[in-house]
Amino acid sequence: MPIKVTTETFKKDVLESEVPVIVDFWAQWCRPCLMLAPVLEEVEKDLAGKVIVAKVNVDEEGYLANQYRISSIPTVLLFENGQLKTQVIGLMRKEDLIKRLGL
Amino acid sequence: MYDAIVIGGGPAGTTAAIYLQRFKKSVLLIMKDAGALGKTKHIDNYYGFEETITGPELLKRGHAQARRLGVEIVNDEVLSIDNSPEYTVKTIKSEYKSKVVLLATGKSQATLKVKGFNDFIGKGISYCAICDGFIYRDKKIGLVGNKEFMLEELEILKNFSKDITIFTDGMDLEADVEEKVVREKILELKGENTVSKVVTKSDEYDIDVLFIAIGSPSASDFALRMGAFLDEKNNVIVDKLFMTNVPGLFAAGDTIGGLLQIVKATSDGAQATVSINRYIKNL
Ligand SMILES: Cc1cc2nc3c(=O)[nH]c(=O)nc-3n(C[C@H](O)[C@H](O)[C@H](O)COP(=O)(O)OP(=O)(O)OC[C@H]3O[C@@H](n4cnc5c(N)ncnc54)[C@H](O)[C@@H]3O)c2cc1C
């Protein structure tokens, strides 16, 4: 199951994670975001152990959204060893997302 | 409440409406204009027409045939589609409800073609006010558009900011707005990491975000807002049964890509109805 991260837990859960983390910036009112949720759950299942999925609600975590210059949601960021590796914007199918993330 | 609403009266939508009618489903066909066929002078490759036929003539015959078989056709423009969970289709003049919707709106509209545009996609350019408006609360919002579709987006954006400028990009403004309107053609978009300036011939305008709602909404605009998958060319992605990943939302014809020809559009339209029929039965 994807974990919920906040400004307080971002460092520990994402930046200091041993495994790469896919961070999904989303909001409740955004339909494409809601449709991306099951896609991300499948990605996590397919790549179990290799990657974890974290979710940032931009409505509640304005600081993080700002920090990572989120200008359009859904935006998905991939972090590896505390570094931002890739950014993918918009809803897409699982295969396309995995490819675009370079996983 | 209709069983099905078909959006688009080209070969895909009209064929679908005819088939649905034959399946004894209540169907409403909504179309705003002649679509791609309106621009077609000679059709030489469509089955059964020994003499060449014009696009408008083929369209006229298709509609006459549909009406004869009992299809209800309205001339109107669809502005938005909601599914929660039954479908509500809002047009300029009215609102309709149905169990399923078939998108057959043809090829997606061209977007803004100016220098710098592609650099800022996802970096301050947005196609969806309801998705991204919130991020720009109290910021300087630019909105490109000229008709009711633009007004739809404007209504949403007004909830987030008072600083909104409409850019018609040289098109005629076919709507009343109280906001500041820039009518000149847009020449370029500028910015460091994200878009921050709209450049026209005689001026430059500071913005934090530019929303795009040019002309009328296409299938890709509806799909985006409903969370249906699109490919990189903005074609709506459907499965073998012509359904999108949104239950009850189907698509056919040029809007799903592939061979952009009448024969394929009519075939799509017919095939989609077989699965629509099955889908409605299982509801
Ligand atoms: C110049 C030209 C020449 C062509 N020549 C040929 C040819 O010789 N042979 C051939 O097979 N094909 C030809 N084509 C291609 C053919 O016209 C298309 O493949 C075909 O029309 C696609 O059908 P469609 O039903 O998917 O879309 P369209 O025919 O484009 O119909 C789209 C429908 O959706 C409606 N619509 C769109 N948005 C909305 C909205 N928001 N609300 C309500 N209604 C909406 C439009 O009004 C229209 O009724 C040609 C195309 C062009 C442009």
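Please refer to the structure placed before this passage.
Cut-offs used in this document
Residues numbered from 1 in each chain as written. Chains lettered and ligands numbered in written order. Predicted model: local features only at pLDDT ≥ 70, side-chain atom pairs only at ≥ 80, totals over all residues. Heavy atoms only, no water. Near = heavy atom within 4 Å. Polar contact = N/O pair within 3.5 Å; in protein donor to acceptor, adjacent residues only side chain to side chain. 1 Å grid on protein atoms, 1.4 Å probe; cavity = no way out; pocket = protein on both sides within 12 Å on 5 of 7 lines; lining within 4 Å. Sits in = over half its atoms within 2 Å of the grid points. Helix = DSSP H or I, 4+ residues; strand = E, 2+ residues; numbered from the N terminus. Pairing = 2+ DSSP bridges. Contact = heavy atoms within 4.5 Å. Axes fitted to C-alpha atoms, helices over the stretch in contact; angles between N-to-C directions. Disulfide = S-S within 2.5 Å. Buried < 20%, exposed > 50% of the residue type's maximum accessible area, 1.4 Å probe, protein only. Parallel < 35°, antiparallel > 145°, perpendicular 65-115°, else oblique. Left-handed = near helix turned anticlockwise from the far one by under 90°.

### As for the site of the ligand
Residue and element names in this part refer to chain B.
So, point 1. The immediate surroundings of the ligand are formed by 32 residues, with Gly 9, Asp 33, Val 78, Asp 254 and Ile 262 found nearest.
So, point 2. Asn 45 places a side-chain nitrogen or oxygen 2.9 Å from a nitrogen atom of the ligand.
So, point 3. For the ligand, an oxygen atom lies 3.1 Å from a polar atom in the side chain of Gln 261.
So, point 4. When each cavity is represented as a set of grid points, the ligand is found to reside in the second largest pocket.
So, point 5. Those elements that provide at least two residues to the shell around the ligand are helix H1 (11-22), strand E2 (27-31) and helix H6 (262-281).

### Concerning the sheet that holds strand E7 (residues 125-126) of chain B
Residues and elements named next belong to chain B.
So, point 1. Taking strand neighbours across the sheet as the criterion, the 5 strands line up as E7-E14-E8-E9-E10 in an open arrangement whose pairing is parallel. Only two strands of the sheet have a single neighbouring strand rather than two, namely E7 and strand E10 (180-182).
So, point 2. The pairing of E7 with strand E14 (residues 209-213) spans 2 bridges and is parallel. Residue pairing for E14: Ser 126 is matched across the bridge by Phe 211.
So, point 3. Packing against the sheet, helix H4 (residues 148-157) makes contact with strand E8 (141-145), strand E9 (164-167) and E14, and its axis sits at approximately 165° to E8.

### Structural notes on the state of the cysteines
So, point 1. Per the stated rule, a full pass over the model turns up 2 disulfides over all chains.
So, point 2. Across the disulfide, Cys30(A) is cross-linked to Cys33(A) (sulfur-sulfur distance 2.2 Å). On the sign convention where negative means left-handed, the S-S torsion of about 80° between Cys30(A) and Cys33(A) marks this disulfide as right-handed.
So, point 3. Using a relative accessible area of 0% as the deciding quantity, one classes Cys30(A) as buried.
So, point 4. Cys33(A) gets classed as buried once you look at its relative accessible area, which sits at 1%.
So, point 5. Paired by a disulfide, Cys128(B) and Cys131(B) hold their sulfur atoms 2.3 Å apart. Of note, the bridge from Cys128(B) to Cys131(B) carries an S-S torsion of about 70° and is right-handed in sense.
So, point 6. Classification of Cys131(B) as buried rests on a relative accessible area of 1%.

### Here's the deal with the packing of helix H2 (residues 31-46) of chain A against helix H4 (residues 94-101) of chain A
Residues and elements named next belong to chain A.
So, point 1. Put simply, H2 and H4 touch, their axes get as near as 10 Å, and they point 65° apart. Relative to H4, the element H2 lies roughly perpendicular. Crossing angle aside, the handedness with which H2 passes H4 is right-handed. Residue-level inspection shows Leu 36, Val 39, Leu 40, Glu 42, Val 43 and Asp 46 of H2 in contact with H4, the latter providing Lys 94, Leu 97 and Ile 98.

### A word on helix H5 (residues 219-226) of chain B
Each turn of an α-helix holds 3.6 residues, which means side chains three or four residues apart point in the same direction.
So, point 1. Most of H5(B) sits out of view: 7 of its 8 residues are buried.
So, point 2. Within the sequence span of H5(B), burial applies to Ala219(B), Ser220(B), Asp221(B), Phe222(B), Ala223(B), Arg225(B) and Met226(B).

### Overview of the sheet that holds strand E12 (residues 195-200) of chain B
Residues and elements named next belong to chain B.
So, point 1. On the basis of which strands lie adjacent, the open sheet formed by 3 strands has the order E11-E12-E13 and antiparallel pairing. A single partner strand is all that each edge strand has here, and the edge strands are strand E11 (186-191) and strand E13 (204-206). Averaged over neighbouring strand pairs, the angle between their axes works out to 25° when direction is ignored.

That's the geometry; what it means functionally is another story.
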